[in-house]
Amino acid sequence: MGKVWNYLNEIFSKEGVVHLTLIDPDIMKTPPEKASKIAEISIASGSNAIMVGGSTAFGILDETIQKIKSKVDVPVILFPGNVSGLSKYADAVFFMSLLNSRNVYWVSGAQALSAPFIKQWNLEPIPMAYLILEPGATVSFVGDVNLLPRNKPGVVLSYALAAQYLGFKLVYLEAGSGAEKAVPIEVVKTVSQNIDIPVVVGGGINTPEHAKDVIKAGAKLIVQGTFIEKTVLNDGGKSLKKIISAIKET
Ligand code: 1GP
C-alpha cells in the first residue's frame, strides 16, 4: 500500500487511534478560504488528516484542496460522493463501495468510472467498505441505501465481515452527517470484536464522552465534520482538542 496508508498505520501504532476531520467542499457552506482555515485549526488541535467530500456537489474541489494543502502538512484524503468527488490535488482517496446500497451504481459502477482518473492522476486508493446505518441522513437518500437497522448488531456485523472477506482495508460505519442518532455503541462493539480490519465510525459524534465510548468499543478511526464546522472557527479548536485528547488517552 502507499504513503497515506503507511501514515495512518504509523498513527495507529504511535497513538492507537486516528482522528479525521471531514470538510464538505460545498461552496455555500465552506468556500475554499474557510475550508483551509478549518483544516488548519483542526490539525493544530491534534486531528491526524483531512477528508474532503460530501453527498452533494456544489463544490469547487480542486481549489478547496489546494488551499487546504497550502495550510496543512498532513494527508488530504478524498471522500467522494460520486465520480465528481475526485481531484488530482489530493494525496489519496477512500475508494469506497456502498455495500448496502440497492443500486449497483454505488456498489461498483461509480468505482469503475472513477478508476481511470485514479490511475491517471496517480492517486493512492485506500479500499474502504461503506455501510450506512439508520438514520442515514442525506447520504442514504442519495445512495439509494437499504439502511442497516440500529438495533441489529448482527446484521451490521455480517456486512462488515463480508467487507473484510472481500479484501477491503477499512470498514466505515456511517450514521450520516449531522445525524441525531450516531452509530450505537453496541454495534461498534459487536463489529470491532469480530473483524480484523480497522473500523471507522462517523456521523453525529459531538462530545468527548461519546467519542471516547466509540473508541472504547473498538473503533480505530473517528470522523468528525459537523462539530468541527460549527466550533473551530469560534473557539480556535478548544472544544475539538478536548475530544481528540479524550480519544487519544483511551
Ligand atoms: C459524515 O460521518 C461523517 O459522512 C461525519 O459526520 O458531520 O455528523 O460529524 P458529522
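Residues numbered from 1 in each chain as written. Predicted model: local features only at pLDDT ≥ 70, side-chain atom pairs only at ≥ 80, totals over all residues. Heavy atoms only, no water.

S.K.: Where do I start with the site of the ligand in this structure?
M.R.: Neighbouring residues of the ligand: 13 residues in total, closest Glu174, Ser177, Gly178, Gly204 and Thr226. A distance of 2.7 Å is found between an oxygen atom of the ligand and a side-chain nitrogen or oxygen belonging to serine 177. Interatomic distance of 2.9 Å between a backbone N/O atom of glycine 203 and an oxygen atom of the ligand. Expressed as a share of its isolated accessible area of 310 Å², the protein-covered part of the ligand is 97%. With respect to the detected pockets, the ligand is housed in the largest pocket. A per-class count over the shell around the ligand returns three nonpolar, nine polar and one charged. (Near = heavy atom within 4 Å. Polar contact = N/O pair within 3.5 Å; in protein donor to acceptor, adjacent residues only side chain to side chain. Areas by Shrake-Rupley, 256 points an atom, 1.4 Å probe, with all protein chains shown as cover. 1 Å grid on protein atoms, 1.4 Å probe; cavity = no way out; pocket = protein on both sides within 12 Å on 5 of 7 lines; lining within 4 Å. Sits in = over half its atoms within 2 Å of the grid points. Nonpolar A, V, L, I, M, F, W, Y, C, P; charged D, E, K, R; others polar.)

S.K.: Even after reading the chapter, I still don't get the pairing of strand E5 (residues 124-132), so can you show me in this structure?
M.R.: Each regular strand shows side chains that alternate between the opposite faces of the sheet. Counting buried positions along E5 gives seven out of nine residues, so the element sits mostly inside the fold. Sheet topology note: the strand E4 (residues 92-98)/E5 ladder contains seven bridges and is parallel. Residue serine 97 lies in a different strand from E5, and its bridge partner there is alanine 129. A crossover links E4 with its parallel partner E5, the connecting element being helix H4 (residues 104-120), and its sense is right-handed. Taken together, the five bridges between E5 and strand E6 (residues 170-174) define a ladder with parallel strand orientation. Following the sheet pairing, tyrosine 130 is matched in E6 by tyrosine 172. (Buried < 20%, exposed > 50% of the residue type's maximum accessible area, 1.4 Å probe, protein only. Helix = DSSP H or I, 4+ residues; strand = E, 2+ residues; numbered from the N terminus. Pairing = 2+ DSSP bridges. Right-handed = clockwise from strand over helix to strand, strands pointing away.)

S.K.: What's the story with the layout of surface pockets in this structure? I'm lost.
M.R.: The gaps of empty space that remain are located by a probe, the size of a water molecule, rolled over the atoms. Its boundaries defined by the atoms lining it, the largest pocket holds a volume of some 690 Å³. For the lining of the largest pocket, the secondary structure elements donating two or more residues are E4, H4, helix H5 (137-142), E6, strand E8 (221-224) and helix H9 (226-235). Of the residues contributing to the lining of the largest pocket, the split by class is 21 nonpolar, 20 polar and four charged. Of the voids in this model, the second largest pocket is the one considered here, and its volume is about 230 Å³. In terms of lining, the second largest pocket is formed by 14 residues, of which the most central are Lys3, Val4, Pro75, Asp91 and Glu124. Within the lining of the second largest pocket, the residues separate by chemical class into eight nonpolar, one polar and five charged. (Points joined across faces, edges and corners; volume = space filled by probe spheres on them.)

Treat this as a map of the structure, not an account of what it does.
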